[in-house]
Structure formats: C-alpha cells, structure tokens
Amino acid sequence: MRIEHRRTHWADEQPRTRWVDQSAFRPVRPDLHLGASSHRVERPGAGASGRIAVRHNVTTSTADYTLLLNAPEWLGHRVVGEALRDAVAELRAVDLTYGPNRPDSLVSRLRRDEISPDSYPPLADLIDLCASMRAATDGWFDAWAVPGGFDPGGLLGGWAVERAAARLRAAGVHDYAVLSGADLTVRGRAAHGGPWRVAVHHPTDTRRTPVVLEMTTGAVGTSGVTGRRGHVIDPHTGEPTDRLVAATVIGPDLAAADAYATALYAAGPAGLAWFRHDSDYRPLFAQHRR
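Conventions we followed
Each chain carries its own residue numbering, running from 1 in the direction its sequence is written. Given that the model is predicted, a residue must reach a pLDDT of at least 70 before its local features are reported, and side-chain atom pairs must reach 80 or more before they are shown or counted; all residues, however, enter totals for whole chains, interfaces and linings. Values shown for side chains rest on all heavy atoms present in the structure; no hydrogens or waters enter the calculation. Comment: elements are numbered from the N terminus, with helices defined as DSSP H or I runs of at least four residues and strands as E runs of at least two. The cut-offs for exposure are 20% and 50% of the maximum accessible area for each residue type, with area from a 1.4 Å probe on protein chains only; residues under the lower value are buried, those over the upper are exposed, and the others partly exposed. Every residue pair with non-hydrogen atoms within 4.5 Å of one another is taken to be in contact. The Shrake-Rupley method, run with a 1.4 Å probe sphere, supplies the accessible areas, and residue values consider only the shown protein chains as cover. One fewer than the residue count of a helix, multiplied by 1.5 Å, yields its expected span. As used in this record, nonpolar core signifies buried Ala, Val, Leu, Ile, Met, Phe, Trp, Tyr and Cys residues forming a set joined through side-chain atoms within 4.5 Å.

Student: I tried to follow the overall build of the protein chain on my own but got confused; where do I start?
Tutor: When its secondary structure is counted, the protein chain shows seven helices and 11 strands. Within the protein chain, the fraction of its 290 residues that count as buried is 51%. Sequence-distant contacts in the protein chain: of pairs separated by 6 or more residues, those separated by 24 or more amount to 64%. Carbon and sulfur atoms form 49% of the exposed surface of the protein chain, whose accessible area is close to 13,400 Å².

Student: Help me out: how do you make sense of helix 6 (residues 153-170) in this one?
Tutor: Given 3.6 residues per helical turn, the α-helix brings residues three or four places apart onto the same face. In a regular helix each residue adds 1.5 Å, so 18 residues correspond to 26 Å; helix 6 covers 26 Å between its end C-alpha atoms and thus fits that length. Every buried residue of helix 6 is accounted for by Leu155, Leu156, Gly158, Trp159, Ala160, Val161, Glu162, Ala164, Ala165, Leu168 and Arg169. Downstream of helix 6 by one or two residues, Gly172 has phi in the positive range, about 100°.

Student: Looking at this model, I keep getting lost on the nonpolar core. Mind explaining?
Tutor: One recurring pattern in soluble globular proteins: nonpolar side chains tend to sit buried together. In this structure, Leu67, Tyr98, Met133, Leu155 and Trp159 are the most contacted members of the largest nonpolar core, which totals 62 residues. At 12 residues, the largest contribution of residues to this core is made by helix 7 (residues 254-267). Judged by nonpolar contacts, the second largest core, of 18 residues, contains Leu32, Ala177, Val200 and Phe285.

See below:
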C-alpha cells in the first residue's frame, strides 16, 4: 500500500537518485558515507564559487546530527546563520516536545490521557503519519503496539530531520544534507556544485564495496544497526524480533523511509512485497540474520 495522501506534498520533490557504476565512480570521492551505525563526512575539496558552505554538528538527548548547508552567496551569511539556528532549534524542540522517554512530552501526556490526539496540530500530524505507515506496512509498523502505549520512535528521528529541513527551505536554503546516525535527507547540490555523492556501506560486511548514490532529492532510512538485538518489537506478537540484521530503505521522505525500514526489520523478507515497481520507496539492504 502506498501513502497516497503524502504524494501531493512531495509532487515536486520526488527522489532523484542515480545508482553510480562503481568502476566509473572510483576517481570521484564521495561527499557522505553512511556506515553500520553512523555517518561520515568527507573533507570538502574546492567549493563552487559564489556559495556559502556550512557544517554544523548538533547533539540532543536521543541523537547526533550533522547539517551541511550549501547556500548561494547572495543569501548572505546572516540569513544562512539564522536558517541554521532555526533548523537546530527544530531538532531540539522535537526532542523536548515529542520524545516518548520524556515524562512531560506531548507523547507521554497523550499516553496518560492528559491530552487528546488533536490538541496540537504537529502532534496530530505525527499521529496521522504513524497511522498511514501502519496501513502501508500491513501493520508491521505500529506505534500503538509498543509496550507502554503510543510510541512514534520508529520514525520520530526522521520526522525531526524533515521538519528541520523544511526550516532551511523556508529560509531560502535549498541545497543541504541533514544526517543522523545511518540516516540522511538531502536536497539540491553539494559544495562542489554536483549532486550529493552518498556511499552507503553494507551494514555487516565492511569488505563489500558500498552502494554509491548520486542524490539531489531523497532520503535514506536504516533500522537495526544500533547493535541492540530485540530493540524492535513484532507488533503482532509483542515480542522482540530479529529476522534481519539491518534494513535500509530509500525514498522521498526520511520519516516514511525510517518507518518502512523499521517495519521491514520486523517483518523480514515478507516486507519486500510492499515495494512494488511503482513505489516511491525502495529497499537498499535487507540483510538476513544467519
């Protein structure tokens, strides 16, 4: 099942991703590496003229983020700085306001029936997204089947990143990458003037050549690389599941890609049926546990 109600929102932001022939790619250094549980940013070479390139690291109580901005010089350093501050503030606000492990967060208050699902518009949007992903994954992503009640943690990090990215676009910054762990969302061009070159490494076999993507709009979401077995629950049984070592999904929106990756990790090979030829999302890795 596809998420039809999100298609209109992303009509002008379909994933523009090209798998690069590895032999042709070797002479060109990747901009970004997604590893087993984290990301790495290559030291940039000469940047395109007339651009303002910024790198900024952010740490919240739940995640580490890296923001890479490549803004036009005419936008000005002050505006770019304000855009960066807005994006960072959004990442921190999502952590403080929606984190299910925080007793005073909206999610925790919802679980205690202190507020209703429609009390705050962003909370209602988050709940709607979780409901859509539950339908899209045949119930394998189910934020209501988590012990303790509603828990959007399987897509909350991606949702935070996309909200921060929206702040950048609203300020006029349309060329950026925002990374968290083994996840990312990108748009536009890197500092060298070309598409973002992303090397996605195999989640368990470091000897394998990474899959190389050239991206101008899209996201990569990964589940199962934290090193903690049993951290994803089978929503149908309530028991921890570990059918896969890791699952990686690409598509236009990181929150949805994260949810698909979490569901695929829980469902195992049966989840591959969700990704038909006309789907906006595609599995990159679905590594079986031996």
